[in-house]
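# Results of the structural survey
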Amino acid sequence: MTAVHVPGAPVIEDGLLVSTSPATGVEAGRFPVATPTDVTAAVARARAAGQWWAALGFAGRRKRLLRWRALLAQRIEQLTDLMHLEGGKPVADAVVEVVSAVEHIDWAARNARRVLGARRVRSRLILAEFSGHLEYQPYGVVGVIGPWNYPVLTPIGSTAYALAAGNAVVFKPSEYTPAVGQWLVDTFAEVVPEQPVLTAVHGLGDAGATLCRSGVGKIAFTGSSATARKVMAACAESLTPVLIEAGGKDAMIVDSDADLDAAAEACVWGAMTNAGQTCIGIERVYAVEPVFDAFVAKVVDRAGRLTVGADGSDLGPITMPTQLDVIRRHIDDALARGGRAVLGGADAVQPPYVRPTVLVDVPEDSAAVQEETFGPTLTINRVSDVDEAVTRANALTYGLGGSVFGRRRAVAIARRLRSGMASVNSTLTFAGMSTLPFGGVGDSGFGRIHGADGLREFGRAKSITRRRARSLLPSMTFERTPADVARLVKAIKVMYGRS
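Starting from 1, residues in each chain are numbered consecutively following that chain's sequence as written. Restriction of local features to residues with pLDDT of at least 70 applies here, the model being predicted, together with a cutoff of 80 or more for giving and counting side-chain atom pairs; totals for whole chains, interfaces and linings are based on all residues. By convention in this description, side-chain values take in all heavy atoms of the structure and omit both hydrogens and water.

### Some points on the sheet that holds strand β21 (residues 459–467)
Spelled out, the test is: Only strands that DSSP links by at least two bridges are regarded as paired with each other. Helix and strand definitions here come from DSSP, where helices need a minimum of 4 consecutive H or I residues and strands a minimum of 2 consecutive E residues; each element is numbered from the N-terminal end. The axes used here are C-alpha line fits, helices contributing only the stretch in contact, and every angle between their N-to-C directions lies in the interval 0 to 180 degrees.
Spatially, β4-β5-β21 is the arrangement adopted by the three strands of the open sheet, whose pairing is antiparallel. Pairing within the sheet leaves two strands with one partner each, and these edge strands are β4 (119–121) and β21. Taking each pair of neighbouring strands and ignoring which way they run, the sheet shows an average axis angle of 35°. Two strands pair when backbone bridges link them, and strand β5 (residues 130–138) and β21 are joined in this way by nine bridges, in the antiparallel orientation. By the bridge assignment for β21, Q137 is matched with R460.

### Here's the deal with empty space enclosed by the protein
Keep this limit in mind: Only protein atoms enter the 1 Å grid used here, on which a cavity is any set of points holding a 1.4 Å probe that cannot leave and a pocket is any open set flanked by protein within 12 Å on both sides along at least five of seven lines; residues with an atom within 4 Å of a point are listed as lining. Grid points are joined across faces, edges and corners, and a volume is the space filled by probe spheres set on the points. Lys, Arg, Asp and Glu make up the charged group, whereas Ala, Val, Leu, Ile, Met, Phe, Trp, Tyr, Cys and Pro make up the nonpolar group; the residues left over, Gly among them, are polar.
For the coordinates displayed, the defined rule picks out five cavities of 30 Å³ or more. The space that makes up the largest cavity amounts to roughly 110 Å³. Along its surface, the largest cavity is lined by 15 residues, and A251, R284, A393, G401 and R418 are the ones closest to its centre. Here the lining of the largest cavity is built from residues that sort into six nonpolar, five polar and four charged. Around the second largest cavity, the lining residues are L82, M83, E86, G87, K89, W148, N149, P151, T177, V180, N274 and T319. Here the lining of the second largest cavity gets four residues from one element, more than from any other, and that element is helix α3 (residues 76–87). Tallied by class, residues from the lining of the second largest cavity come to five nonpolar, five polar and two charged.

### Description of the packing of helix α2 (residues 57–74) against helix α5 (residues 153–164)
Inclusion rule: Oblique is the label for every angle not falling under 35 degrees (roughly parallel), over 145 degrees (roughly antiparallel), or within 65 to 115 degrees (roughly perpendicular). Pairs of residues are marked as contacts when any of their non-hydrogen atoms sit within 4.5 Å.
Look at α2 against α5: their axes get within 9 Å of each other, and the N-to-C directions meet at 150°. When the axis of α2 is compared with that of α5, the two are roughly antiparallel. Side by side, α2 and α5 meet where F58, R61, L65, W68 and L72 of the first sit next to I156, A160, L163 and A164 of the second.

### Concerning the pattern of salt bridges
Stated precisely, the cut-off is as follows: A pairing counts as a salt bridge when a side-chain nitrogen of Lys or Arg comes within 4 Å of a carboxyl oxygen of Asp or Glu. For the exposure calls, accessible area comes from a 1.4 Å probe over protein chains only, and a residue counts as buried if that area is under 20% of its type's maximum, exposed if over 50%, partly exposed in between.
The final tally for this structure, using the stated rule, is 27 salt bridges. The partner of R30 in a salt bridge is E27, with the nearest N and O atoms 2.9 Å apart. The exposure class assigned to R30 is partly exposed, which follows from its relative accessible area of 29%. Classification of E27 by relative accessible area gives partly exposed; the value is 23%. Of the charged contacts, one joins R340 and D361 as a salt bridge, the two residues approaching to 3.2 Å between their closest N and O atoms. Of this pair, R340 sits in strand β13 (residues 340–343) while D361 is found in the loop between β16 (357–360) and α12 (367–370), placing the two residues 21 residues apart along the sequence.

### Some details on helix α6 (residues 178–191)
Put simply, the rule is: Here, expected helix span is obtained from the residue count minus one, scaled by 1.5 Å.
For α6, which comprises 14 residues, the first-to-last C-alpha distance of 21 Å matches the rise-based estimate of 20 Å (1.5 Å per residue) to within 8%. Extensive coverage of α6 is indicated by the burial of 11 of its 14 residues.

### Details of the side chain of K249
By the element assignment, K249 lies in the loop between β10 (242–245) and β11 (250–254). On the basis of relative accessible area, K249 is assigned to the buried category, the value being 2%.

### A word on the side chain of E175
Selection criterion: Here a polar contact means two N or O atoms within 3.5 Å. Within protein one must be a hydrogen donor candidate and the other an acceptor candidate, and residues neighboring in sequence count only if both atoms are side-chain atoms.
In this fold, E175 is placed in the loop between β7 (168–172) and α6. A distance of 2.9 Å separates a polar atom in the side chain of E175 from a polar atom in the side chain of K172. If we ignore the near neighbours within four places in the chain, the residues touching E175 are P10, L17, G203, L204 and G205.

### Here we look at the sheet that holds strand β2 (residues 16–20)
Strands sit in the order β1-β2-β3 across an open sheet of three strands; the sheet is antiparallel. Whereas interior strands pair on both sides, the edge strands pair on one side only; in this sheet they are β1 (11–13) and β3 (27–32). Each strand of the sheet is rotated relative to its neighbour by a mean of 30°, with strand direction disregarded. Examined bridge by bridge, β1 and β2 share three bridges and lie antiparallel to one another. The partner of I12 across the bridge, within β2, is L17.

### Let's talk about the pairing of strand β6 (residues 141–145)
Put simply, the rule reads: Classification remark: right-handed applies to a crossover when, strands pointing away from the viewer, the course from the first strand over the helix to the second runs clockwise.
Across the five residues that make up β6, a large majority, five, are buried. Where β6 meets β7, five bridges bridge the pair, whose relative direction is parallel. Within β7, the position partnered with V144 by the bridge is F171. Between the parallel pair β6 and β7, the chain is carried across by α5, and the sense of this crossover is right-handed.

### Focus on the packing of aromatic side chains
Note the threshold: Note on aromatic pairs: the rings of Phe, Tyr and Trp (six-membered ring only in Trp) are paired at centre separations within 6.5 Å, and the planes decide the class, stacked below 30 degrees, edge-to-face beyond 60, tilted for the rest. Placement of a positive charge over a ring is assigned whenever Lys NZ or Arg CZ falls within 6 Å of the ring centre and within 35 degrees of the normal to the ring plane.
Summed over all chains, the structure comprises seven aromatic pairs. Ring geometry for W53 versus F188: centroids 5.9 Å apart, planes at 70°, classification edge-to-face. Here F188 lies in helix α6 and W53 lies in helix α1 (residues 36–55), a separation of 135 residues in the sequence. F188 shares its class with W53; the two are buried. Over the face of the ring belonging to F58 we find R61, whose NZ or CZ atom lies 4.8 Å from the ring centre. Over the aromatic face of Y150 sits the side chain of K89, whose NZ or CZ is 4.1 Å from the ring centroid.

### Some thoughts on the state of the cysteines
Each disulfide consists of one covalent bond between the sulfur atoms belonging to two cysteines. Heads up, the condition is: A pair of cysteine sulfur atoms is labelled a disulfide when the two atoms are within 2.5 Å.
Summed over the entire model, instances satisfying the criterion amount to zero disulfides. For the unlinked cysteine C212, the closest cysteine sulfur is that of C235, found at 3.9 Å. Assessed through its relative accessible area of 1%, C212 is described here as buried. In this model C267 remains outside any disulfide bridge; the closest cysteine sulfur is found in C279, 17 Å from its own. Here C267 falls in the buried class, since its relative accessible area comes to 0%.

### Comments concerning the pairing of β5
Both β4 and β5 contribute to a ladder of three bridges, which runs antiparallel. The residue of β5 that forms the bridge with R120 is H133.

Next comes the structure, spelled out in structure tokens:
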């Protein structure tokens, strides 16, 4: 095996993308790097395959998607072992991720006809002689650019919904998790061997840029806000529509009547699961004065019991080696500016691992509060009341998810969060609920995956009107008479002239 200098960092050797474990450096796989010509050819093949796939209709696609769902469920151990090897994700976390992905495939397959199928739409009195019809037609080919932190759930959140809507998909997995991405493509080919409906192209960022310019009908991207801007710029050249799920800096608010044990348990899960490498992870907490000290103590107690290591631990390695420098910088900056580490701290970064770190009294303008950390770190700051908490939570340009713990007014507080999603008395739960849309606002992106809104993202709304009778109030014709216009004016005044 060719030596790789930094475990987990993608390397290209002899035209092959080499993927290794960030924990051990063991090779997970080698995959041909797609040239611009390769990407163009993949999209051309997908375009032809998409026509066949769309012609199967909702029933035919449902049958095949449910077979894929069943295959993933049957081989869950194989997939989770690969996720553990390639990304370092603890197997238990990988199981939770795959279970959620299977649920999303099932929901998309079973509900696509209801959400996207052709249906009649009622007309109004002025155009009563016409009937209205609405349907959602597939884009043809959707390009999906996936992340490394949730290499199954996140791309399936776009891919399964795009497939259910009748599109073919060209998938560019993250260069940090190409083996998992290819595994998904290969298993789909087992249940749909006839055409290359789901294919993968591998490479670094330039492969994703080529996919953006390849003539696909739409791009669904998940990644950092900085890369999202590059994706949008590339797609803007051809006015290719995009769905963007970018970074997050989610906040949790703890009110005075919260169940502190439940809040602390959920906070530690929301902040530390997947070693904090979660776009909807809790990175900031605002606890009101009366419960602040007790809440912090409970969080420290629970987070302090988490184990860190390669196998069988609660927290695995940091998948992307360069992220270690970001985490270290955020911790150091917070401490230098007056913050206190009540757990972990300056020596928490021990490559390739980061030990759980809880920081308090961190200035709001510090990097640890303002920037996405993507590690098992957490800032908890004291606020006088929930109004101050909401103001601080909403002060950042990010707006992905959030959480509120409390009883009497928790739902009202959640509604005030400037975010695409919020959970009350839990954390992250909206990601696994297939019936709800998932997406953000501001620097966290736009568009939605999951749920009915997620299905509609992958179909173009097509409106059709059909004449049923002659017009009683002819207006859209040069054959109208002054009397017709007068009757139209009179009708408008009768119908709409009163407030």
